[in-house]
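Inside the fold
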Amino acid sequence: MSLQAWVPVIGLIGTLVVAFLGFYQWRRQASNANRSENAAKRREAYEGLWQKLEQINLDLRERRADNPSLFHRLREVNTYFVSQSLYFDDNDQLLINQYIAAMSRLREKVFTSDDADVTSVFRATMITLPVKLDKEIREAAEEVDRLRAKIKSKVQKIAASV
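This section reports on the structure supplied with the text. (Residues numbered from 1 in each chain as written. Predicted model: local features only at pLDDT ≥ 70, side-chain atom pairs only at ≥ 80, totals over all residues. Heavy atoms only, no water.)

**Things to note about the packing of helix 2 (residues 70–83) against helix 3 (residues 92–111)**
- Closest axis-to-axis distance for the helix 2/helix 3 pair is 11 Å, and the angle between their directions is 160 degrees. Here helix 2 lies roughly antiparallel to helix 3, going by the angle between them. When the axes of helix 2 and helix 3 are compared, the crossing they make is right-handed. For the pair formed by helix 2 and helix 3, the contact residues are L70, L74, V77, N78 and F81 on the first element and D92, Q93, I96, N97, I100 and S104 on the second.
- Of the residues contributing to the contact of helix 2 with helix 3, the split by class is six nonpolar, four polar and one charged. (Axes fitted to C-alpha atoms, helices over the stretch in contact; angles between N-to-C directions. Helix = DSSP H or I, 4+ residues; strand = E, 2+ residues; numbered from the N terminus. Parallel < 35°, antiparallel > 145°, perpendicular 65-115°, else oblique. Left-handed = near helix turned anticlockwise from the far one by under 90°. Contact = heavy atoms within 4.5 Å. Nonpolar A, V, L, I, M, F, W, Y, C, P; charged D, E, K, R; others polar.)

What follows is the structure, encoded as structure tokens:
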């Protein structure tokens, strides 16, 4: 076969390669737009969840004649979770509920203690309670801190991934 016979074949192969690369590039760009939009919505869902959890944290620290309704708070967060479930990992709901329950236990232990300093610091929304604590309060505070750190780390990781 002569060189002249190969010229159209080489041209055809070159055209097919360019067409394939163009299609690949177009496909990649089209999928990136959807991926980016989905990542932004996921970030918004996690940030909204974080805001709800922090509001519960603040509400539980207020001294009221009656306890804030824990059932209402759990339902509110779980409703948000379900409505945005496309963007959450399923196992996050258990972690969220554990965190809210731990905050409620800490609140109960702080407000039933006889330590006015601890109650004052807790109500002043200090993240860290005094070093010298009753064992039960310290353990409850450590559990809240551990669960809060897990959730916060996840929210920060997702917020940074966009």
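On we go.
**Brief notes about a nonpolar patch on the surface**
- Residues W6, V9, I10, I13, V17, F20, L21 and Y24 make up a contiguous nonpolar surface patch of roughly 800 Å² in combined accessible area.
- Relative to the helices and strands, W6 is located in helix 1 (residues 3–61).
- Residue W6 is classed as partly exposed on the basis of its relative accessible area, which comes to 41%. (Patch = residues over 30% accessible without salt bridge, like charges linked within 9 Å, V, L, I, M, F, W, Y side chains within 5 Å. Areas by Shrake-Rupley, 256 points an atom, 1.4 Å probe, with all protein chains shown as cover. Salt bridge = Lys/Arg side-chain N within 4 Å of Asp/Glu carboxyl O. Buried < 20%, exposed > 50% of the residue type's maximum accessible area, 1.4 Å probe, protein only.)

**A few points about the side chain of N78**
- Mapped onto the secondary structure, N78 falls in helix 2.
- At 3.1 Å, the side chain of N78 and the side chain of Q93 are in polar contact.
- In this structure N78 touches Q93 and N97, once residues within four positions along its chain are discounted. (Polar contact = N/O pair within 3.5 Å; in protein donor to acceptor, adjacent residues only side chain to side chain.)

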